[in-house]
Amino acid sequence: MKTLSRKVQDLEESQTLTLTEAANRLKASGVDIVSLTAGEPDFPTPAHVKIAAIQAIEENFTHYTPLRGIPPLLKAIVAKFERDNNLHFEPSQILVSVGAKHSIFNALQAVCNKGDEVVIPAPFWVSYPEMVKLVDARPVIVQTLSASNFKITARQLKKAVNEKTKALLLNTPSNPTGAVYSQGELEELADVVHDTGIFVIADEIYEKVVYSPARHFSIGSIRQIKDQVITVNGVSKAYAMTGWRIGYLGASNAVVEAAAKVQSQTTSNATSISQRAAVAALSGHANDVEGMVREFERRRDFLVAEFSKIPGIDVVNPQGSFHLFPSIKPLLGKKVKGMPIRNDADFCHYLIEQEHLALVPGSAFGIPDHVRLSYATSMSELEKGVERFRSGCRKLNESY
Ligand code: PLP
């Protein structure tokens with residue numbers, strides 16, 4: 001029998017999904033696991049969105065749609081970009097896809113040739129490097145520092161760019177760190193982008209989950225580089241619609257033409273019913289989103305306060321998304337119950353085994369010695385999670 005694709009065998013499996021699955025398996029076997037690995041809001045999809053989808057089904061809106069998205073959705077996205085992001089697109093400059101993940105993949109397909117380089121600041125969302133590899137390009141990882149709140153600086157970007165560099169993959173607000181780039185920081189990056197002519201794929205999926213005084217700013221609104229920026233967003237995180245699979249990008253006509261060509265030969269249009277639901281989400285009032293963000297902020301404040309009290313833990317206050325990314329460095333190199341805790345993966349393994357708490361190791365996001373936890377779960381689960389984390393750290397601190 002012939003062998004399978006080498007390219008696919010060389011890919012990493014998504015560690016967030018693997019850990020969520022491991023936690024679910026233990027849960028199913030009756031263990032009381034607290035899982036802080038999930039990447040989705042724990043709120044229901046708003047009622048008016050569900051009604052729009054039911055109506056679409058009842059009206060038999062269940063067939064193929066135009067490849068790039070139905071006209072009312074393209075219109076709603078153009079209006080959203082205008083209203084929230086100061087981005088000015090024609091409907092022909094929008095492509096609706098099967099989630100923001102799909103939009104990023106289409107964007108990479110549209111711009112990359114074999115051997116091109118794509119700059120990815122670490123910590124990064126787990127899928128970025130693997131997607132870059134899938135389009136035969138090379139991920140160039142730039143390590144950011146907690147001192148700069150895990151944000152790439154213009155200086156670092158300039159140093160990483162060479163004649164092979166095709167794009168920068170930028171995520172603000174960030175998963176896993178919660179970092180939010182300010183307008184000033186983005187303007188400095190934009191100068192490098194302008195001088196070097198590279199593309200920016202701006203993943204703004206957590207745009208709505210930002211805590212005051214931080215504010216989201218879209219790098220694509222900087223006039224001098226607007227044609228170089230591919231802005232990606234979607235309805236998953238803002239409207240608790242992860243399962244509906246609607247993402248979109250806005251870009252220059254040439255990029256959208258190319259990305260649409262890829263989509264025409266792979267998935268065709270995104271689901272017709274979900275598109276109608278997305279129109280309702282993007283056109284509805286902001287109350288549901290605001291309520292959800294207030295609740296996330298309350299949880300963030302609780303976690304930052306609790307984690308700051310734990311000896312050996314260093315935590316940067318996240319400005320957005322629903323993740324905390326503490327450093328556990330002083331706890332490494334110890335041994336507990338015969339288990340050596342050499343690195344963040346050992347630490348997560350130890351926590352799941354001994355404390356029944358599931359987290360994701362920082363190395364999955366390109367920065368070791370950290371863990372990521374998601375606070376997209378109820379306050380009572382978070383309280384239990386903090387207790388288990390504290391207990392695990394105490395035992396480590398008492399060991400040698
Ligand atoms: N970008 C980031 C940074 C994410 O964390 C996620 C989902 O976890 C996505 C993109 C994908 O979102 P979607 O559900 O729209 O595909």
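Residues numbered from 1 in each chain as written. Predicted model: local features only at pLDDT ≥ 70, side-chain atom pairs only at ≥ 80, totals over all residues. Heavy atoms only, no water.

Novice: Can you walk me through the overall build of the protein chain in this structure?
Specialist: Along the backbone of the protein chain there are 13 helices and 14 strands. The C-alpha radius of gyration computed for the protein chain amounts to 21 Å, which stays within 12% of the reference 21 Å derived for 400 residues, consistent with globular compactness. Expressed as lengths along the three principal axes of its C-alpha atoms, the size of the protein chain is roughly 60 × 60 × 55 Å. Considering only intrachain contacts with a sequence separation of at least 6, the fraction spanning at least 24 residues in the protein chain is 74%. If you sum the accessible surface of the protein chain, you get close to 17800 Å²; carbon and sulfur atoms cover 52% of it. Computing the positive centroid from 44 side-chain charges and the negative centroid from 43, the protein chain places the two 3 Å apart. (Helix = DSSP H or I, 4+ residues; strand = E, 2+ residues; numbered from the N terminus. Rg over C-alpha atoms; globule rule 2.2 N^0.38 Å. Contact = heavy atoms within 4.5 Å. Areas by Shrake-Rupley, 256 points an atom, 1.4 Å probe, with all protein chains shown as cover. Lys, Arg positive; Asp, Glu negative; His and termini not counted. Charge placed at Lys NZ, Arg CZ, Asp CG, Glu CD.)

Novice: Can you walk me through the side chain of E117 in this structure?
Specialist: Here E117 shows up in strand 3 (residues 117-122). In this structure E117 comes out as buried when scored by relative accessible area, which is 5%. Here R138 takes part through its side chain, which lies 3.1 Å from a polar atom of the side chain of E117. Residue contacts for E117: discarding those within four places in its chain leaves R138, V140, N162, K164, T165, K166 and A167. (Buried < 20%, exposed > 50% of the residue type's maximum accessible area, 1.4 Å probe, protein only. Polar contact = N/O pair within 3.5 Å; in protein donor to acceptor, adjacent residues only side chain to side chain.)

Novice: Explanation requested: the site of the ligand in the structure shown.
Specialist: The full set close to the ligand counts 13 residues, and A100, D203, S236, K237 and R245 are the nearest of them. The contact in question runs from a nitrogen atom of the ligand to an N or O atom on the side chain of D203, over 2.6 Å. A distance of 2.9 Å is found between an oxygen atom of the ligand and a side-chain nitrogen or oxygen belonging to Y206. If the ligand stood free it would expose 390 Å²; the protein chains cover 92% of that surface. When grouped by side-chain class, the residues that make up the shell around the ligand number 5 nonpolar, 4 polar and 4 charged. (Near = heavy atom within 4 Å. Nonpolar A, V, L, I, M, F, W, Y, C, P; charged D, E, K, R; others polar.)

Novice: For this particular structure, what's the right way to read helix 9 (residues 253-264)?
Specialist: Since the α-helix packs 3.6 residues into each turn, any two residues three or four apart lie on the same face. The terminal C-alpha atoms of helix 9, which comprises 12 residues, lie 16 Å apart, in line with the 16 Å expected from a rise of 1.5 Å per residue. Buried within helix 9 we find V255, V256, A259, A260 and Q263. End-on view of helix 9: buried residues confined to an arc of 125 degrees, all on one side of the axis. Among the exposed residues of helix 9, those oriented more than 90 degrees off its buried face are A254 and K261. (Expected span 1.5 Å × (residues − 1). Arc of directions from axis to C-beta.)

Novice: Teacher, can you tell me more about helix 3 (residues 47-58) here?
Specialist: A rise of 1.5 Å per residue sets the reference length of helix 3, with its 12 residues, at 16 Å; its end C-alpha atoms lie 16 Å apart and thus fit the reference within 8%. Restricting attention to buried positions, one finds in helix 3 the residues V49, A52, A53 and A56. End-on view of helix 3: buried residues confined to an arc of 95 degrees, all on one side of the axis. Helix 3 presents A47, I51 and E58 as exposed residues on the side facing more than 90 degrees away from its buried surface. Tucked into the core, helix 3 has its buried residues touching helix 10 (272-283). Note on helix 3: the residue one or two positions beyond its end, N60, has a positive phi of about 60 degrees.

Novice: Where do I start with the domain arrangement of the protein chain in this structure?
Specialist: Interfaces are often sized by the amount of accessible area the parts lose when they come together. We note that the domain assignment places domain 1 (6-44 + 288-398) and domain 2 (62-283) within the protein chain. Put simply, the middle of domain 1 and the middle of domain 2, counted by C-alpha atoms, are 26 Å apart. Taken together, the contact between domain 1 and domain 2 spans 33 residues of the former and 33 residues of the latter. Counting each side, the surface lost to burial between domain 1 and domain 2 is near 2800 Å², with a carbon and sulfur contribution of 64%. On the surface where domain 1 and domain 2 come into contact, there are 1 salt bridge. Of the charged contacts in the structure, one is a salt bridge between D136 and K7, with a shortest N-O distance of 3.5 Å. Where domain 1 meets domain 2, there are 15 residue pairs in polar contact (both at pLDDT 80 or more). (Domains from an automatic or database assignment. Buried area = accessible area lost by both parts, 1.4 Å probe. Salt bridge = Lys/Arg side-chain N within 4 Å of Asp/Glu carboxyl O.)

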